[in-house]
Amino acid sequence: EKGGYDHFMLKEIYEQPNAIKDTYRGRLGVKNGIIKMSGIDDNIEKFLNANRIIVVACGTSWHAGLVAEYIFEDLARIPVEVEYASEFRYRNPVITEKDVVIAISQSGETADTLAAIKLAKSKGAFVFGVCNVVGSSIARETHAGAYTHAGPEIGVASTKAFTTQITVLTLIALKLAKETGKINNTDYRYHLQELDLIPQKVVESLKSDSHIQMIADTYKNARNFLYLGRGYNFPVALEGALKLKEISYIHAEGYPAAEMKHGPIALIDEQMPVVVIATKKGHYDKIVSNIQEIKSRKGRIIGVVTEGDTSVKELVDHIIEVPETLESLTPLLTTIPLQLLSYHIAVMLNKNVDQPRNLAKSVTVE
Ligand code: F6R
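None of the values given here were measured: they were computed from a predicted structure.

**Brief notes about the overall build of the protein chain**
No. 1: A tally of helices and strands in the protein chain yields 14 helices and 12 strands.
No. 2: Scaling as 2.2 N^0.38, a compact globule of 366 residues should have a C-alpha radius of gyration of about 21 Å, and the protein chain matches this with 20 Å.
No. 3: With respect to the principal axes defined by its C-alpha atoms, the protein chain has extents near 55 × 45 × 45 Å.
No. 4: Here the protein chain holds 366 residues, and the buried ones make up 58% of them.

Pasting the structure below:
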């Protein structure tokens, strides 16, 4: 049942190229430039007239929501807020009929997310679900939705659910960007082509596995880890830290790289491994200077960079390469090595990778 892999988590990490393809199959028309998603098509006016989109989710799904915030605002110019479902539901939020709520959930059973949906519906908002489990409570409770089609995710630590959620949300953002005319046709077409290349690039990213295993061996006894990223890769840093915490029980924090100087930099010494996502896009120069700051405080740096990068290579202790892609699509690649790093560390520490202590696959308690 694990298909020759030692753990479901590893199997599911390796399933990502196909899972992502399954997510966009029948939806992404690269040749004709059409994105077909009935849940969006049937409710397009709701989206186009929305004052804003509010994303509600928990855990890894919340991180996918944060990535979506960057993509929606960047491409479709629709204001987005991303909320922890558990905070949203308990704080008397301002919601109107002009709001569109997107609820993201792998299991479709998360109690806090379900309660947030019910609250939003009671205020008249249109609620759209992004779920993996077909026929789940959240899928049934939402007005419309789009499934991720990732296939069953057994490992408690979410992997392919995350990348397929980002894929669905990217399709929605591109579709809305096209409808609103906020993206020009050339850029739009280019995005579709590049998205179609992602599965192959995930295959390439997975090839770093044995190299990552060596890095895992070097740092498996660290007590703390810091994960840094900027822009689209800030949520990836959060997700990398969450993955490490939940399966290896090593304390890890994800931070936007520029926030480091406002506090966490005090933690950095030669005992502190720092994973820095520094792909050659967006704020590359800024992140290179963040790396210099860490280096001058003797932090041990693991850089996740674009293939062929040379400037970061000179500064860091270890380098992990991912293929080049559009900035908005980099999370789909930079996430892969971070999943593998936490997996290998947890295995080396003899932890129960698929069923970490104190955690359940779906959190149906409030
Ligand atoms: C992390 C993880 C959890 C879930 C969270 C939400 O690896 O699995 O943080 O992401 O409990 O679950 P869903 O997406 O099922 O609502």
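**Concerning the site of the ligand**
No. 1: Near the ligand, the surroundings consist of 15 residues, among which Ser-61, Ser-105, Ser-107, Thr-110 and Glu-246 are the closest.
No. 2: The backbone of Gln-106 places a nitrogen or oxygen atom 2.7 Å from an oxygen atom of the ligand.
No. 3: Between an oxygen atom of the ligand and a side-chain N or O atom of Lys-243, the distance comes to 2.9 Å.
No. 4: Within the complex, 89% of the 410 Å² of free accessible area of the ligand lies under protein.
No. 5: Only helix 5 (59-76) and helix 12 (234-248) provide two or more residues apiece to the shell around the ligand.
No. 6: Tallied by class, residues from the shell around the ligand come to 5 nonpolar, 8 polar and 2 charged.

**Examining helix 12**
No. 1: Compared with the 21 Å implied by 1.5 Å per residue over 15 residues, the 21 Å span of helix 12 between its first and last C-alpha is a close match.
No. 2: In terms of residue burial, helix 12 counts as a mostly covered element, since 13 of its 15 residues are buried.
No. 3: In the stretch just after helix 12, Tyr-249 is the one whose phi turns positive, near 60°.

**So, unusual backbone geometry**
No. 1: Positive phi outside glycine occurs at Lys-298, with the angle close to 70°.
No. 2: Within the secondary structure, Lys-298 sits in the loop between helix 13 (284-296) and strand 11 (300-306).
No. 3: We note that Asn-350 has phi near 60°; this positive angle belongs to a residue other than glycine.
No. 4: Note that Asn-350 resides in the segment after helix 14 (331-348).

**Thoughts on the nonpolar core**
No. 1: Grouped together as the largest cluster of nonpolar side chains are 88 residues, with contacts concentrated most on Phe-72, Ile-102, Phe-128, Leu-176, Phe-225, Tyr-227 and Leu-341.
No. 2: A per-element tally of this core places helix 9 (residues 160-180) first, with 10 residues.
No. 3: The residues touching Leu-341, leaving out its near neighbours within four places in the chain, are Ile-212, Ile-215, Ala-216, Phe-225, Tyr-227 and Val-275.

**Overview of the pairing of strand 6 (residues 126-131)**
No. 1: For strand 6, the tally of buried residues reaches 6 of 6 residues, placing the bulk of the element in the interior.
No. 2: Along strand 6, one buried face is formed by Phe-126, Phe-128 and Val-130 and the opposite face, lined by Val-127, Gly-129 and Cys-131, is buried too.
No. 3: Pairing of strand 5 (residues 99-105) with strand 6, which is carried by 6 bridges, proceeds in the parallel orientation. Bridge pairing in strand 6 places Val-100 opposite Phe-126.
No. 4: Crossover strand 5 to strand 6 through helix 7 (residues 111-122) is right-handed.
No. 5: As paired strands, strand 6 and strand 7 (residues 144-147) are joined by 4 bridges and run parallel to one another. Pairing of Gly-129 across the sheet is with Gly-145, part of strand 7.

**A word on the confidence of the model for the protein chain**
No. 1: For the protein chain, per-residue confidence averages 96 on the pLDDT scale, and residues scoring 70 or more make up 100% of the total.
No. 2: For this predicted complex, the interface score ipTM comes out at 0.99, alongside a pTM of 0.97.

**Description of the environment of Ser-105**
No. 1: As for its placement among the helices and strands, Ser-105 is situated in strand 5.
No. 2: With relative accessibility at 2%, the residue Ser-105 sits in the buried group.
No. 3: For the pair Ser-105 and Ala-139, spaced 34 residues apart in sequence, the C-alpha separation works out to 9.1 Å.
No. 4: The contact partners of Ser-105, leaving out residues within four places of it in the chain, are Ser-61, Thr-110, Val-130, Cys-131, Asn-132, Ile-138 and Gln-165.
No. 5: A distance of 2.9 Å separates a polar atom in the side chain of Ser-105 from the backbone nitrogen of Gly-108.

**Quick notes on the packing of helix 5 against helix 9**
A pair of packed helices can be characterised by two numbers: the angle between their axes and the separation between those axes.
No. 1: Orientation of helix 5 relative to helix 9, taken along the N-to-C sense of each, is 20°, at an axis distance of 9 Å. Comparing the axis directions of helix 5 and helix 9 gives the class roughly parallel. Considering only the axes of helix 5 and helix 9, their crossing is right-handed. Here Thr-60, Ser-61, His-63, Ala-64, Val-67, Ala-68, Ile-71, Phe-72, Leu-75 and Ala-76 of helix 5 come into contact with helix 9, specifically with Phe-162, Gln-165, Ile-166, Leu-169, Thr-170, Ile-172, Ala-173, Leu-174, Leu-176, Ala-177 and Thr-180.
No. 2: Tallied by class, residues from the contact of helix 5 with helix 9 come to 15 nonpolar, 6 polar and no charged.

**Re the pattern of salt bridges**
No. 1: The full count for this structure, using the stated rule, is 18 salt bridges.
No. 2: The residue Lys-11 makes a salt bridge to Glu-15 at a minimum N-O spacing of 3.1 Å.
No. 3: Judged by its relative accessible area of 23%, Glu-15 is partly exposed.
No. 4: Through salt bridges that share partners, Lys-11, Glu-15 and Lys-160 make up one connected network.

**Here's the deal with the sheet that holds strand 9 (residues 251-256)**
No. 1: An order of 9-8-10-11-12 is seen for the 5 strands of this open sheet, with the pairing classed as parallel. Looking at which strands have only one partner, the edges of the open sheet turn out to be strand 9 and strand 12 (318-322). Neighbouring strand axes in the sheet, compared pairwise and without regard to direction, differ in orientation by 20° on average.
No. 2: Strand direction decides the pairing type here: strand 11 and strand 12, joined by 5 bridges, are parallel. The partner of Gly-303 across the bridge, within strand 12, is Ile-319.

About the thresholds
Residues numbered from 1 in each chain as written. Predicted model: local features only at pLDDT ≥ 70, side-chain atom pairs only at ≥ 80, totals over all residues. Heavy atoms only, no water. Helix = DSSP H or I, 4+ residues; strand = E, 2+ residues; numbered from the N terminus. Rg over C-alpha atoms; globule rule 2.2 N^0.38 Å. Buried < 20%, exposed > 50% of the residue type's maximum accessible area, 1.4 Å probe, protein only. Near = heavy atom within 4 Å. Polar contact = N/O pair within 3.5 Å; in protein donor to acceptor, adjacent residues only side chain to side chain. Areas by Shrake-Rupley, 256 points an atom, 1.4 Å probe, with all protein chains shown as cover. Nonpolar A, V, L, I, M, F, W, Y, C, P; charged D, E, K, R; others polar. Expected span 1.5 Å × (residues − 1). Core = buried A, V, L, I, M, F, W, Y, C linked by side-chain atoms within 4.5 Å. Contact = heavy atoms within 4.5 Å. Pairing = 2+ DSSP bridges. Right-handed = clockwise from strand over helix to strand, strands pointing away. pLDDT = per-residue confidence, 0-100. Axes fitted to C-alpha atoms, helices over the stretch in contact; angles between N-to-C directions. Parallel < 35°, antiparallel > 145°, perpendicular 65-115°, else oblique. Left-handed = near helix turned anticlockwise from the far one by under 90°. Salt bridge = Lys/Arg side-chain N within 4 Å of Asp/Glu carboxyl O.

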